[in-house]
Amino acid sequence: MSSRETILNSIKKNRPSSTIELPNTDISHVKYRDRDKKFATTLKSVGGDAVWLEDKSVDEFVAENYRDLDVIVSTYLEFNGSTKDANELETPHLLEDVDLAVIKGEFAVAENGAVWVKNPKNHHRALYFLATRLLIVVDKNSIVDSMHEAYKLIDFSRAGYGTFISGPSKTADIEQALVIGAHGAIEVCVLFV
Amino acid sequence: MGHPKKASKFVANSKRMHWHDKALWFVRERRDLATHQLDEWEELRRVASEIKTHTMDRLDYYLEEFEKNATQKGLHIHWARDAKEHNEIVLNLLLTHGAKRVVKSKSMLTEECGLNPFLEKNGIEIVDTDLGERIVQLRKEAPSHIVLPAIHLKKEEVGKTFEEFLNTQKDNCDPTYLTREARKHLREKFLTADASITGVNFAIAQTGGVVVCTNEGNADLGASLPKLHIASMGIEKVIPRLEELSVFTRLLARSATGQPITTYTSHFHAPIEGGELHIVIVDNGRSDTLSNSDFKESLNCIRCGACLNTCPVYRRSGGHSYGYTIPGPIGSTLGASRDLQANRTLPFACTLCASCSNVCPSKIKLHNQLYRHRQNVVKAGLLGAKKRAILKVSSWVMKHPLLLDFVGLVVRKVVPILPRSIVYSKANIWGRGREVPKFPKKSFKELYKERKK
Ligand code: SF4
């Protein structure tokens, strides 16, 4: 017998037959009167920043706020300030020097400061984690209250990769002291347009 | 060596013990703050517990669904009966891909399987990339906590370790400095790795993908650079659909550290371009636990670590005192289910305060399980001779009310006039580190009778 069968048979033999139905996950839950504010304060508390862009382009915002950076890469189509095209690169390892990645976020979640990032057009997902700074551009009308709404917007009927990013990478593994910037981005800004 | 012996080493340094206790209590308090912000917290726990129970009771169905859907998406599924088979599957994958250098993110399952020493023996360099795990790996120690692997160490000790292995500045133990140095050191490892290994927090049957949650980004970085990604999961990690994640992602980080969510919650439903994603599904004794209605609930665990942080015994005895891969209340019940003989002292590393059951996001009644394991330890004749004798005598005394009254009277009269050297003699293990309280003049029974008059 293969291991697969052995395991499945053992489960079949041992498991009780349940009377518990799969519960409804859409329970009544927190709603925020001001989702923008909740998102911004939550993101702040996990080390990130939220900015609402008014009468300015993303290009201008980057030019003003990220000076003197050598390598800027973008998967956000409306942005023109890239210094190289990530998708052209043969291997993701070549993204190691990226100072700023301007990427597209699908929507933001007020309760936890997270942004859903899933972009089939981006060839190297390593970009999200190798870049020293992340600027995530999100439509300002796309903020939901909680993960209950969030998962209604997520679809994996096809193969792919997606991640929630909530602030910069961090660790507290040395004496519980919070240090921003573990292996991923050291700075994260969510830009609402 | 059982838990009491190992714990006694830890408590010998009382300053350090209190420091450890406080550090974990701080995490527990952060959890409380986070959970109190949600009115629906208890409702979330109820739903989580029902999802898990439902899934475990149909586990074969959901695993087959998962396999079918993952295969359809181009992922490769492997099945391992035990630790040995798991390790061989992993080694084989590495060898056929010519992988010599491997980066690994946190996975208690690979700890349980003893993967690192096995791969090293076979000439593979394996680097733990979670900062805490890297620290303990360099020190040749085991993680002492499932979420905070190096919680037992002081920053000075970490500084010394880094001085030795990463050539950091002498006596510099600033956490930010050390973290930055580790970042540099591990970047190099990530960029030169031939393969990555990660754990799995959730496997989704409906969509055939796996979810990994980290704060450091190490799992993601590892899984997005080399072409080969191997993810190891226990059979109990599967959940029915994507929407169940709305419940678990809300519970996990809040319970673990008080964060509203982990920094990264990554959904892998494809390998990187031109790469391969292999998932190893491991049983290693889990399916046996399913048949035991007393203990099957322990499979509902989502490894948040909250029960460790809150446990008065864990906080004061440290993770290494348990001698089992997973310490704390959940580890004690899992360990006892796995091998009662070897882990017979663990169910007693518990005050039955039930704090663990109260914080558990999956509502596992951990203290009930430990209580039942104790009974099994006694039934199996695994209790130490001294404890057995004490229990025998006390149960005999308690069954005879007149005798109990008499013994109580004698103790109340005699103990206070005995010299300390006798009361706290070697035979009184209870008296080590504890003071006998002042005895009342009258017993409860006597007081009760007087009141009634
Ligand atoms: S038993 Fe419950 S509290 Fe303990 S680690 Fe598992 S899920 Fe968390």
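Within each chain, residue numbers correspond to sequence positions counted from 1 in written order. For this description, chains carry letters from A and ligands carry numbers from 1, given in the order in which they are written. Totals for whole chains, interfaces and linings use all residues, but because this is a predicted model, local features are given only for residues with pLDDT of at least 70 and pairs of side-chain atoms are given and counted only at 80 or more. The side-chain numbers reported here are obtained from all heavy atoms of the structure, hydrogens and water having been left aside.

Put simply, DSSP H or I for four residues or longer makes a helix, DSSP E for two residues or longer makes a strand, and each gets a number counted from the N terminus. Scanning chain A from terminus to terminus reveals five helices and eleven strands. Taking 193 residues into account, the globule formula puts the C-alpha radius of gyration at 16 Å, and chain A, at 20 Å, lies well above it. Principal-axis analysis of the C-alpha atoms places the extent of chain A at approximately 65 × 45 × 40 Å. Any residue under 20% of the maximum accessible area for its type is buried, any over 50% is exposed, and the rest in between are partly exposed; the area is computed with a 1.4 Å probe on protein chains only. Considering chain A as a whole, with its 193 residues, one finds that 54% of them fall into the buried category. When the accessible surface of chain A is split by element, carbon and sulfur atoms take 46% of a total near 8,700 Å². In this description the radius of gyration comes from C-alpha coordinates, and the expected globular size is given by 2.2 Å times residues to the power 0.38. Per-residue and other accessible areas were derived by the Shrake-Rupley procedure at a 1.4 Å probe size, with only the shown protein chains allowed to occlude residues.

A separate point is empty space enclosed by the protein. Using a probe with the size of a water molecule, rolled over the atoms, empty space left in the structure can be pinpointed. Residue and element names in this part refer to chain B. We place a 1 Å grid over just the protein atoms. Points where a 1.4 Å probe fits but has no way out form a cavity, open points with protein on both sides within 12 Å along at least 5 of 7 lines form a pocket, and any residue with an atom within 4 Å of a point lines it. Grid points are joined across faces, edges and corners, and a volume is the space filled by probe spheres set on the points. Tallying each qualifying case throughout the model produces five cavities of 30 Å³ or more. Put simply, the largest cavity is a space of about 160 Å³. Surrounding the largest cavity, 17 residues form its lining, Glu112, Arg286, Tyr324, Leu334 and Arg338 being those nearest its centre. If you list the elements that add at least two residues to the lining of the largest cavity, you get helix 6 (108–113), helix 13 (286–290) and helix 16 (328–338). Segment limits for the domains were obtained from an automatic or database-derived domain assignment. In terms of domain composition, the lining of the largest cavity takes at least three residues from each of domain 1 (1–37 + 294–383) and domain 2 (60–284). Taken as a whole, the second largest cavity spans an internal volume of roughly 100 Å³. Along the walls of the second largest cavity sit 13 residues, with Cys301, Arg303, Cys304, Cys307 and Cys360 positioned nearest its centre. In this classification, Asp, Glu, Lys and Arg are treated as charged, Ala, Val, Leu, Ile, Met, Phe, Trp, Tyr, Cys and Pro as nonpolar, and every other residue, Gly included, as polar. Within the lining of the second largest cavity, the residues separate by chemical class into ten nonpolar, two polar and one charged.

So, on to the confidence of the model for chain B. Mean pLDDT over chain B works out to 95, with 100% of the residues at or above the 70 mark. For this predicted complex, the interface score ipTM comes out at 0.97, alongside a pTM of 0.93. As a per-residue measure, pLDDT tells how confident the predictor is, with possible values from 0 to 100.

Moving on, we get to helix 1 (residues 3–11) of chain B. All names here are of chain B. Buried residues of helix 1: His3, Ala7 and Phe10, and no others. Across the axial projection of helix 1, the buried residues extend over an arc of 50°, all falling on one side. In helix 1, those exposed residues whose orientation departs by more than 90 degrees from the buried face are Lys5 and Lys9. We call two residues in contact when some of their heavy atoms are within 4.5 Å. Summarising the contacts, the buried residues of helix 1 are in contact with helix 2 (14–36) and helix 15 (312–317). To be clear, the arc concerns the directions from the helix axis to the C-beta atoms.

Right, let's get into the sheet that holds strand 4 (residues 195–198) of chain B. All names here are of chain B. Note: two strands are recorded as paired if DSSP finds a minimum of 2 bridges between them. A sheet is described by the order of its strands in space; here six strands give the open sequence 1-10-7-4-2-3, paired in parallel fashion. Each having just a single partner strand, strand 1 (76–80) and strand 3 (125–128) make up the two edges of the open sheet. Mean inter-strand twist for the sheet, computed between neighbouring axes without regard to direction, equals 20°. Bridge analysis of strand 2 (residues 101–104) against strand 4 gives three bridges, and the strand direction is parallel. A fitted line through C-alpha atoms serves as each axis, taken over the contacting stretch for helices, and the angle formed by two N-to-C directions is quoted from 0 to 180°.

Next up on the list: the side chain of Ser144 of chain B. Residues and elements named next belong to chain B. On the secondary structure map, Ser144 appears in the loop between helix 8 (131–138) and helix 9 (155–166). Exposure remark for Ser144: the relative accessible area of 0% places this residue in the buried category. Pairs of N or O atoms within 3.5 Å make up the polar contacts considered here, provided that, within protein, one atom can donate a hydrogen while the other can accept it, and that residues adjacent in sequence are counted only when both atoms are side-chain atoms. Of note is the side chain of Ser144, whose polar atom sits 2.8 Å from the side chain of His152. Beyond its immediate stretch of four places on either side in the chain, Ser144 contacts Pro149, Ile151, His152, Tyr314, Gly319, His320 and Pro327.

This next bit is on the sheet that holds strand 5 (residues 202–204) of chain B. Pairing between the strands of a sheet comes from backbone hydrogen bonds, and it takes one of two forms, parallel or antiparallel. The strand order across the open sheet built from eight strands is 7(A)-4(A)-5(A)-8(A)-9(B)-6(B)-5(B)-8(B), with neighbouring strands paired in mixed fashion. Where the open sheet ends on each side, the last strands, each with one partner, are strand 7 (143–144) of chain A together with strand 8 (238–239) of chain B. Helix-sheet contacts for helix 12 (residues 244–256) of chain B involve strand 5, strand 6 (209–214), strand 8 and strand 9 (264–268) of chain B, and the interaxial angle to strand 5 of chain B is about 170°.

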